[in-house]
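Results of the structural survey
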Amino acid sequence: MNNYETVFILTPVLSDAQVEEAVKKFEDLIKEKNCEIVAKENWGLKKLAYPIQLKKNGFYTLIEFKGEGTVVADLELAFKRDERVIRYLTTKLDKHAVEYAITRRTKVKTAKA
């Protein structure tokens with residue numbers, strides 16, 4: 001099992017319920033492929049570095065998961081087919097990136113508390 005991290009940006013014209021529905025769709029796809037979701041972070045509405053499809057903002061979501069390499073192709077195909085997704089990026093994490101992600105998550109939790 002490999003560790004992966006995917007970040008995707010949803011169009012800003014969606015309501016909160018529609019954003020949650022889209023994120024749940026991708027979570028369910030990951031779970032269907034026998035993957036374990038390690039962490040999920042909703043970064044909210046953020047300004048884009050440059051306009052994409054004439055939009056200046058987007059809803060960012062990060063999902064970390066463990067799974068086989070074949071799940072990435074299926075996930076990215078689902079991103080391409082969903083018109084609500086304006087950008088996405090999935091990366092395979094090495095052992096150093098996994099350690100960093102763990103420390104980053106603990107720092108975020110302590111900062112929120």
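Looking at an unreviewed UniProt entry, one finds the protein chain named Small ribosomal subunit protein bS6 and attributed to Chryseobacterium glaciei. What UniProt records for the protein chain under Function (unreviewed entry) is the sentence "Binds together with bS18 to 16S ribosomal RNA." In its Sequence similarities (unreviewed entry) section, the UniProt entry covering the protein chain states "Belongs to the bacterial ribosomal protein bS6 family."

Some words on the packing of aromatic side chains
By the definition in use, this model includes 6 aromatic pairs. Here the aromatic residues Phe-8, Phe-26, Phe-79 and Tyr-88 are joined through ring pairs into a cluster of three or more.

Considerations on the nonpolar core
Phe-8, Leu-10, Phe-26, Phe-65 and Leu-75 are the most contacted members of the largest nonpolar core, which has 20 residues in total. Those elements giving two or more residues to this core turn out to be strand 1 (2-10), helix 1 (16-32), strand 3 (55-67) and helix 2 (70-81). Those residues in contact with Phe-8, other than ones at most four positions away along the chain, are Val-23, Phe-26, Phe-59, Tyr-60, Thr-61, Ile-63, Phe-79, Val-85, Arg-87 and Tyr-88. Counting 5 residues, the second-largest nonpolar core is a separate cluster that includes Ile-9, Leu-48, Ile-52 and Ile-86.

What counts and how
- Residues numbered from 1 in each chain as written.
- Predicted model: local features only at pLDDT ≥ 70, side-chain atom pairs only at ≥ 80, totals over all residues.
- Heavy atoms only, no water.
- UniProt positions renumbered as here; feature names shortened; annotations may be inferred.
- Phe/Tyr/Trp six-rings, centres within 6.5 Å; stacked < 30°, edge-to-face > 60°.
- Core = buried A, V, L, I, M, F, W, Y, C linked by side-chain atoms within 4.5 Å.
- Buried < 20%, exposed > 50% of the residue type's maximum accessible area, 1.4 Å probe, protein only.
- Helix = DSSP H or I, 4+ residues; strand = E, 2+ residues; numbered from the N terminus.
- Contact = heavy atoms within 4.5 Å.

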